[in-house]
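Residue strings, one per chain:
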Amino acid sequence: MAVSQNGAARSLPEKAISEFDAVLSGDLIRPENADYDQVRSVWNGMIDRRPALIARCKLVADVIEAVGFAKRHSLVVSVRGGGHGVSGNAVCDGGLMIDLSQMTTIRVDAQDATARADAGALLGDLDRATQTFGLAVPAGTVSETGIAGLTLGGGLGWLMRKYGLTCDNLIGVDMVTADGEFIRTDDETHPDLMWGLRGGGGNFGVVTSFRYQAHPVGPTVLAGFVLHPIGQANEFLRFYQEYAAQAPDELTTIAVIRIMPPVPTVPSELHGVQVVGTGVCYVGDLDEGHRVLQPLRNFGKPILDSIRTTQFVDHQAALDAGVPAGLHYYEKSENLPALSPELIETLVEHGERVTSPYAFVGLFQLGGAVSRVAERDTSYTNRDAAYSLIISSGWKDPSETDDQTKWVRAFWNAAKPFSTGGAYINFMSHDDGQDRVVESYGQHTYRRLADLKSIYDPTNLFRLNQNIKPSPRTATTPHT
Ligand code: FAD
């Protein structure tokens, strides 16, 4: 039984399903197929949704057919890139899941330092392809994350203070609109749409490939982690906020409070140890980098200092093992203007209550190139925030769900009074409702997004996302 866009149960004609299957180059997966459970599963093991059909697209033509089929049969649609969205919006119940994970081709043009990546590619794929030419596209911090959802929501990572967010380096896309039309777009052809795609998530169509500006990076960077015992958390974070405020653009840091997970990339003597500290990545002159990082390394008596010259691709994968696919995950986020002493106390108080080795509190340091993009130029907002706070828990045993989600929520409630009011849409869980989406973008940007939605997706076909409701007025003049 399928579910239509208005939530009503409906049956799909077998003939229509067979005809759809026949025109697809990729597979059409149904609940009776042996690989159905594997194909519908995503990174967050808490998500257990059952699409009526899964179109595993191989070609743009498959995506066009899939959008057309969903419209003809008025089906709920979800779009899967890398399957790492914690909210699980990549999977629908009863509708059509458009799965792009087999579309992973990447082409790099070393001459003009650009890369075109199909929408199922993962960050690690993009790094490997670009590093072959001494280039990198700023992206995230875990190599198994999909480029699609990450780019469309913003893209915070180790290169952002030097080269901007992933969406700031997006120069064009190929996409299939809600009308089933294929368009190739950039700032010249559809400036309004490009504005929306740089932060507005999957609201405007199914992107089939992304074109990025790349930058000379590595292959060697100065990177690693400095960790202290949790008892030093207050002193460390007070030192850290002053240190980070002086950091050059070449340095991006991500501070953390957590219990170290029992994974091979963590020295065994640290397994289960509760720590405070920061990860760093310095891209630039290595001698200057050593000088810049020295005060951080000199502070206190770290229980780990792994900062060294290392391959950029290795640093990009350094956090992978700590966030294994299939655990249950829940997270909340806020943007922060600064780390005041009161906020630090709050972070430490709630951070100390963490119980899972797969939970963490992260402070992504913004500023630098992120803050130099004008607020009106992208739909990613809150450019003046100093940090993006993520409070995330992961656990194996479903009986822990209540306790773990309570820890995240209590922490989040305590941190909220310190927020700028904005949040990062890519760190939102399944229960962050519509008000939270509006709050995250801010009223002005949300209204502009809603106008754009009314042009590109007036019936809200693409609604399984951090949803922008089409504005009721029929906007005919695209914003510039
Ligand atoms: P999916 O679950 O496949 O997609 C998420 C949503 O994006 C979909 O529901 C859909 O609405 C939309 N979407 C996906 N593909 C398309 C498409 N082709 N066209 C249109 N819409 C599409 N974020 C950061 O910024 N920095 C980080 O360092 C970072 N680290 C992370 C680490 C982990 C372990 C995880 C789980 C997430 C991390 N994130 C990070 C958050 C990440 O940006 C989001 O989870 C993002 O949605 C992942 O994209 P995906 O394609 O893998 O996800």
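See the structure printed just above.
Treat the numbers as computed from the prediction; the structure is a model and nothing was measured. Throughout this document, residue positions are counted from 1 along each chain, in the order its sequence is written. With the structure being a predicted model, the display of local features is reserved for residues of pLDDT at least 70 and the display and counting of side-chain atom pairs for 80 or more, all residues being used for whole-chain, interface and lining totals. The side-chain values count all of the structure's non-hydrogen atoms but skip hydrogen atoms and water molecules.

Enquirer: Help me out: how do you make sense of the overall build of the protein in this one?
Expert: Check the secondary structure of the protein and you find 14 helices and 21 strands. Computed over the C-alpha atoms, the radius of gyration of the protein is 22 Å, within 12% of the 23 Å expected from 2.2 N^0.38 for a compact globule of 480 residues. A 1.4 Å probe and the Shrake-Rupley method give the accessible areas. Residues count as covered only by the protein chains that appear here. With an accessible surface of roughly 18,300 Å², the protein has 51% of that area assigned to carbon and sulfur atoms. Separation of charge centres in the protein, based on 41 positive and 56 negative side chains, amounts to 3 Å. Helix and strand assignments come from DSSP, with helices taken as H or I runs of at least 4 residues and strands as E runs of at least 2, each series counted from the N terminus. For the radius of gyration, the atoms used are the C-alpha atoms, and the globule rule reads 2.2 Å times the number of residues raised to 0.38. None of His or the chain ends enter the tally, which takes Lys and Arg as positive and Asp and Glu as negative. Charge placement uses NZ in Lys and CZ in Arg. For Asp and Glu, CG and CD serve respectively.

Enquirer: Just checking my understanding: could you explain the packing of aromatic side chains for this structure?
Expert: Each aromatic ring pair is summarised here by two numbers: the centre-to-centre distance and the angle between the ring planes. Aromatic rings from Phe, Tyr and Trp, with only the six-membered ring used for Trp, were paired whenever their centres fell within 6.5 Å, and each pair was classed as stacked if the ring planes differed by under 30 degrees, edge-to-face if by over 60, and tilted otherwise. On inspection of all chains with the given rule, the structure shows 14 aromatic pairs. Judged by centre distance (6.4 Å) and plane angle (80 degrees), the ring pair of W158 and F225 falls under edge-to-face. Highlighted residues: W158 in the loop between α5 (147-153) and α6 (160-163) and F225 in strand β14 (residues 220-229), separated in sequence by 67 residues. Working definition: with a 1.4 Å probe on protein chains only, accessible area under 20% of the residue-type maximum means buried, over 50% means exposed, and in between means partly exposed. Its relative accessible area of 1% is what places W158 among the buried residues. Between W407 and F411, the ring centres sit 5.7 Å apart and the planes meet at 85 degrees, which makes this aromatic pair edge-to-face. Taken together, the residues span about one helical turn, with W407 and F411 both in helix α12 (residues 401-415) at a distance of 4 residues. Across the pair, F411 and W407 agree in class, each one buried. By way of ring pairs, the aromatic residues F236, F239, Y240, Y243, F299 and Y387 are connected into one cluster. Only Lys NZ and Arg CZ are tested; either one counts as a charge over a ring when it is within 6 Å of the ring centre and within 35 degrees of the ring normal. When the ring centre of W412 is taken as reference, the NZ or CZ atom of K332 above it lies at 4.6 Å.

Enquirer: Just to check I follow, could you spell out the environment of Y358 for this structure?
Expert: With respect to the helices, strands and loops of the structure, Y358 is situated in the loop between α11 (341-351) and β20 (360-365). With relative accessibility at 9%, the residue Y358 sits in the buried group. A sequence separation of 136 residues divides Y358 from L222, and the C-alpha atoms of the two residues are 26 Å apart. Residues within four places of Y358 in sequence aside, it is in contact with R258, P261, P262, V263, G322, P324, L327, Y329, S392, S393, G394 and K396. Contact criterion: two residues are considered in contact whenever any of their non-hydrogen atoms come within 4.5 Å of each other.

Enquirer: Can you walk me through the environment of G394 in this structure?
Expert: As for its position among the elements, G394 is in strand β21 (residues 387-395). Residue classification places G394 among the buried positions, given a relative accessible area of 0%. It is 34 Å that separates the C-alpha atoms of G394 and P470, two residues lying 76 residues apart in sequence. Setting aside chain neighbours within four positions, we find G394 in contact with H328, Y329, S356, Y358 and A359.

Enquirer: Mind showing me how you'd approach the sheet that holds strand β8 (residues 114-118) here?
Expert: The strands making up a sheet associate through backbone hydrogen bonding, with each pair oriented either parallel or antiparallel. Taking strand neighbours across the sheet as the criterion, the 5 strands line up as β7-β8-β12-β10-β11 in an open arrangement whose pairing is antiparallel. Whereas interior strands pair on both sides, the edge strands pair on one side only; in this sheet they are β7 (106-109) and β11 (182-186). Shown here is a sheet whose adjacent strand axes are inclined to one another by a mean of 15 degrees, direction ignored. DSSP bridges decide pairing: two strands pair if at least two such bridges lie between them. As defined by bridge partners, strand β10 (residues 170-176) adjoins strand β12 (residues 206-213) across 6 bridges and the pair is classed as antiparallel. Bridged to V173 within β12 is F210. Only C-alpha atoms enter the line fits that serve as axes; for helices the fit covers just the stretch in contact. Angles between N-to-C directions range over 0 to 180 degrees. Running at roughly 35 degrees to β7, helix α4 (residues 123-131) makes contact with β7, β8 and β12 of the sheet.

Enquirer: Honestly, the environment of A113 in this entry has me stumped. Any pointers?
Expert: Turning to its location among the elements, A113 is positioned in the loop between β7 and β8. Residue classification places A113 among the buried positions, given a relative accessible area of 15%. A sequence separation of 69 residues divides A113 from N44, and the C-alpha atoms of the two residues are 34 Å apart.

Enquirer: So what exactly am I meant to see when it comes to the site of the ligand here?
Expert: Put simply, a residue is near a molecule or strand once any heavy atom of it comes within 4 Å of that molecule or strand. Around the ligand, the surrounding shell holds 34 residues, and the nearest of these are G81, G83, T141, L156 and Y424. For the purposes of these results, a polar contact is taken to be a pair of N or O atoms within 3.5 Å, where, inside protein, one atom must be able to donate a hydrogen and its partner to accept one; residues adjacent in sequence count only when each atom of the pair is a side-chain atom. Between the ligand and G83 there is a distance of 2.7 Å, counted from an oxygen atom to a backbone nitrogen or oxygen. Here an oxygen atom of the ligand sits 2.6 Å away from a polar atom, N or O, in the side chain of T141. Isolated, the ligand exposes 950 Å² of accessible area, and the fraction of that covered by the protein chains is 94%. No other element matches the 4 residues that α5 contributes to the shell around the ligand. In this classification, Asp, Glu, Lys and Arg are treated as charged, Ala, Val, Leu, Ile, Met, Phe, Trp, Tyr, Cys and Pro as nonpolar, and every other residue, Gly included, as polar. Grouping the constituent residues of the shell around the ligand by class yields 17 nonpolar, 16 polar and 1 charged.

Enquirer: Which parts of the structure should I look at to understand unusual backbone geometry?
Expert: Glycine aside, residues mostly have negative phi angles, and peptide bonds mostly take the trans form. Residues G218 and P219 are joined by a peptide bond in cis, for which omega reads 10 degrees. Structurally, P219 is set in the loop between β13 (215-216) and β14. Phi angles above zero are rare outside glycine, and S74 is one such case at about 50 degrees. If you trace the backbone, S74 turns up in the loop between α3 (60-72) and β5 (77-80). The backbone of N460 shows a phi angle near 60 degrees, a positive value even though the residue is not glycine.

Enquirer: How do you make sense of the sheet that holds strand β6 (residues 96-99) when you look at a structure like this?
Expert: Within the open sheet, the 4 strands sit side by side as β3-β4-β6-β5. Their pairing is mixed. The sheet is open, and its two edges are formed by β3 (28-29) and β5, each paired on a single side. Sheet topology places β3 next to strand β4 (residues 53-56); 2 bridges connect them, and they run antiparallel. Note that in β4 the partner of I29 across the bridge is I54. Contacting β4, β5 and β6, α3 runs over the sheet at an angle of about 165 degrees to β6.

Enquirer: What should I look at first to understand empty space enclosed by the protein in this one?
Expert: Empty space left among the atoms is revealed by rolling a probe the size of a water molecule over them. The pocket and cavity definitions rest on a 1 Å grid over protein atoms only: a 1.4 Å probe that fits but cannot leave marks a cavity, an open set with protein on both sides within 12 Å along at least five of seven lines marks a pocket, and residues lining either have an atom within 4 Å of a point. Grid points are joined across faces, edges and corners, and a volume is the space filled by probe spheres set on the points. Taken as a whole, this structure holds 1 cavity of 30 Å³ or more when the rule is applied. Along the walls of the largest cavity sit G153, G199, N335, S379, Y380, T381, N382, A423, Y424, I425, S440 and Y441, which together make up its complete lining. Classifying every residue of the lining of the largest cavity gives 5 nonpolar, 7 polar and no charged.

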